[in-house]
Amino acid sequence: MPTASRPRMRFAVIGCGMLAQAQHLPNLSRSHKAELVACCDLDRASLDHCARTWGVTRLSQDYHQTIADPDVEAICLATTERLRLPVIAAAAAAGKPVYVEKPLARELDEMYAIQKQVHASGIPLCVGFNRRNSPAMIAAHRIFRQHMEQPKSCAWRFDREGSGRPRLAEDGTAVMSVRINDDWYSWKGWVFDKEHAPHGPMVFEMGHFTDLCNWFLQAEPEEVVAAETGMLNHAVTIRYRTGEIATITTGSNGSFGYPKELYELMGQGGVVVIDHMLELRTAGIPGAPEQVVFPLVGADRHPDVGSDLGLFGWLAKTRAAAAEAVATGDPMRQFAAAPDKGHAAALDRFVDEIRGEGPTVCGVDDAVRAMRVCFAAVRSAREHRWVRLEEV
Ligand SMILES: NC(=O)c1ccc[n+]([C@@H]2O[C@H](COP(=O)([O-])OP(=O)(O)OC[C@H]3O[C@@H](n4cnc5c(N)ncnc54)[C@H](O)[C@@H]3O)[C@@H](O)[C@H]2O)c1
C-alpha cells in the first residue's frame, strides 16, 4: 500500500485502447507509486469501461482538458502513433512528464520535433520500450555488462595457442542476435494502413529491439543494412562505431505456439541468452548462474502444467491453452500466463525518475537513437545499400 508520507503520482491515460486496457490501466491501478486518476479517449465506450473497471471518475474526450486538469501530475500516452507531437507539446507546455508508447513517431521530422520540445521544456519523458524493465532483461544486462567491463576467462576456455595467439583488435568485441517469431494473422487492421503506419513493422515494432541492442552493447550505432520481403520478414544488421555488430531477424509467418523473442549475446569469451524473458542462460562467465527462470505474470490457468517455468514450462502451458482454444472454439483461450515484459515496472521506475530518485528509464535521446536505426533500416531495404546513421 502507498505510505502516508509518499503520495502516489497522479497519472492520466490518454488513449484507452487495447494496450492500455491490457497493461497501463491495470498496472497504474495496482501500483504503489502511481495512481490512475483520469482517462481520455475519443471512444465513449472505452471511457465507460474505464469508469466501470477501474472506478475512474475524471473522463474526457479532449486531451487538452485532461492535461490541464490540476489533479493530473503525469501523462501516459497510449494512443496509436497517429497522435504523438500535439499531446507531448501540450504536456511540455504544462510542465507535465509523459510516458509515451512506442513508436515515438511515425516520421523522422515529427520525432526530431518531439525531441526538441522535450529538451526545451525539460520535462521527463519515457518511451515505452518496456523490455528494459523486464526482470529477465535487467538480470541479463547486469551479467553481460559486468562481464564486458571486467571480463574473466572461465577456467576451461580452450586457449589452443596461449601466448602464441595473434593479437586481434576485435578480441572480446560483443555481438548480439535478436530473433523475432510472429504470426501476422494476429495483427490489427491499422498496421496495414499507410497513413497510420507508413513504414511498417521496421518502425512500429522494431524500435523495441534496436533499443535493446543499443542498451546491451552500450555502443553508438554507425550504419545499418536491411533486407525485407515486404512487410512480414526482415533481416537487419547494425554495425557500431566501436566494432560491435547486432542482427535482428523477424519472421512474421511464424507461430504463437513458440516464444516470440530470443536474444543471444556473445563477448569476452562469454554468452548470455534470454529466451522470451522466460529464462536466461549463461556460459563461459565465471560466477554467473547457468540458468535462471522468471515468474510469469497474469492469471495462470494451468498451474499444474509446466510448473518448472522457463522455456519448457511456457511451452507446456501454451500447448494446454491452445488445446482449450480448439475445444471451446474461443481463440483467446490460447493466451496463457505470459513473461514479465516490464510494462508495470517501466511506469514505477519512471515515477522514481521524475522524483529524482532513480535513473533515466528510457529517455528521449535513447529512443531517438533506437528509432534512427529503424529509419536507416527502412531506407537501406528500399535502396539496397548500407545506410549511415547521419543520413537519417
Ligand atoms: N509496448 C508494447 O508492448 C505495445 C504493445 C502493443 C501496442 N503498443 C503501442 O501502443 C499504442 C496503442 O496501441 P493499441 O493496440 O492499444 O491501439 P488501439 O487502437 O486499441 O487504442 C488506441 C486508442 O487511442 C484512442 N484515441 C485515438 N485518438 C485519440 C485522441 N485524439 N484522444 C484520445 N484518445 C484517442 C482510440 O480511440 C483508441 O481507444 C500503439 O502506438 C502501439 O504501437 C505497444
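Residues numbered from 1 in each chain as written. Predicted model: local features only at pLDDT ≥ 70, side-chain atom pairs only at ≥ 80, totals over all residues.

Draft legend 1. Layout of the site of the ligand. Neighbouring the ligand are 23 residues, the closest being Gly15, Gly17, Met18, Leu19 and Glu101. At three residues, helix α1 (residues 18-30) tops the list of elements feeding residues into the shell around the ligand. Classifying every residue of the shell around the ligand by side-chain character gives 11 nonpolar, seven polar and five charged. (Near = placed C-beta within 6 Å. Helix = DSSP H or I, 4+ residues; strand = E, 2+ residues; numbered from the N terminus. Nonpolar A, V, L, I, M, F, W, Y, C, P; charged D, E, K, R; others polar.)

Draft legend 2. Structural view of helix α8 (residues 207-217). Within α8, 11 of the 11 residues are buried, leaving the element largely enclosed by the surrounding structure. Just past α8, the residue Gln218 takes up positive phi, approximately 50°. (Buried ≥ 20, exposed ≤ 12 C-beta atoms within 10 Å, placed from the backbone.)

Draft legend 3. Structural detail: the domain arrangement of the protein. We note that the domain assignment places domain 1 (9-131 + 345-362) and domain 2 (135-156 + 166-340 + 371-391) within the protein. Once you take the C-alpha centre of each, domain 1 and domain 2 turn out to be 26 Å apart. Along the lines of polarity and charge, the residues of the side of domain 1 that touches domain 2 split into six nonpolar, one polar and six charged. (Domains from an automatic or database assignment.)

Draft legend 4. The arrangement of the pairing of strand β4 (residues 74-77) in detail. Here β4 shows no split at all, with Ala74 and Cys76 on one side and Ile75 and Leu77 on the other all buried. Pairing analysis gives four bridges linking strand β1 (residues 9-14) to β4, with the strands arranged parallel. Each residue of the ladder has a partner; that of Phe11, found in β4, is Ala74. Sheet analysis places β4 next to strand β5 (residues 98-100), joined by three bridges and oriented parallel. Counterpart to Cys76 in the pairing with β5 is Tyr99. Crossover β4 to β5 through helix α4 (residues 85-94) is right-handed. (Pairing = 2+ DSSP bridges. Right-handed = clockwise from strand over helix to strand, strands pointing away.)

Draft legend 5. Inspection of the sheet that holds strand β2 (residues 34-40) at higher detail. In space, the six strands of this open sheet follow the order β3-β2-β1-β4-β5-β6, with parallel pairing throughout. At either margin of the open sheet sits one strand with a lone partner, and together these are β3 (58-60) and β6 (125-127). When strand polarity is set aside, the average angle formed by the axes of neighbouring strands in this sheet is 25°. Docked against the sheet, α4 engages β1, β4 and β5, running at close to 165° with respect to β5. (Axes fitted to C-alpha atoms, helices over the stretch in contact; angles between N-to-C directions. Contact = placed C-beta atoms within 7 Å.)

Draft legend 6. Structural detail: the packing of α1 against helix α10 (residues 343-354). The geometry of α1 relative to α10 is characterised by a closest axis approach of 9 Å and an angle of 55° between their N-to-C directions. The angle between α1 and α10 places the two elements in the oblique class. Viewed along their axes, α1 and α10 form a crossing whose handedness is right-handed. Together, Gln23, His24, Asn27 and Leu28 of α1 and His343, Ala344 and Leu347 of α10 make up the contact between the two elements. Its residues assigned to classes, the contact of α1 with α10 comprises three nonpolar, four polar and no charged. (Parallel < 35°, antiparallel > 145°, perpendicular 65-115°, else oblique. Left-handed = near helix turned anticlockwise from the far one by under 90°.)

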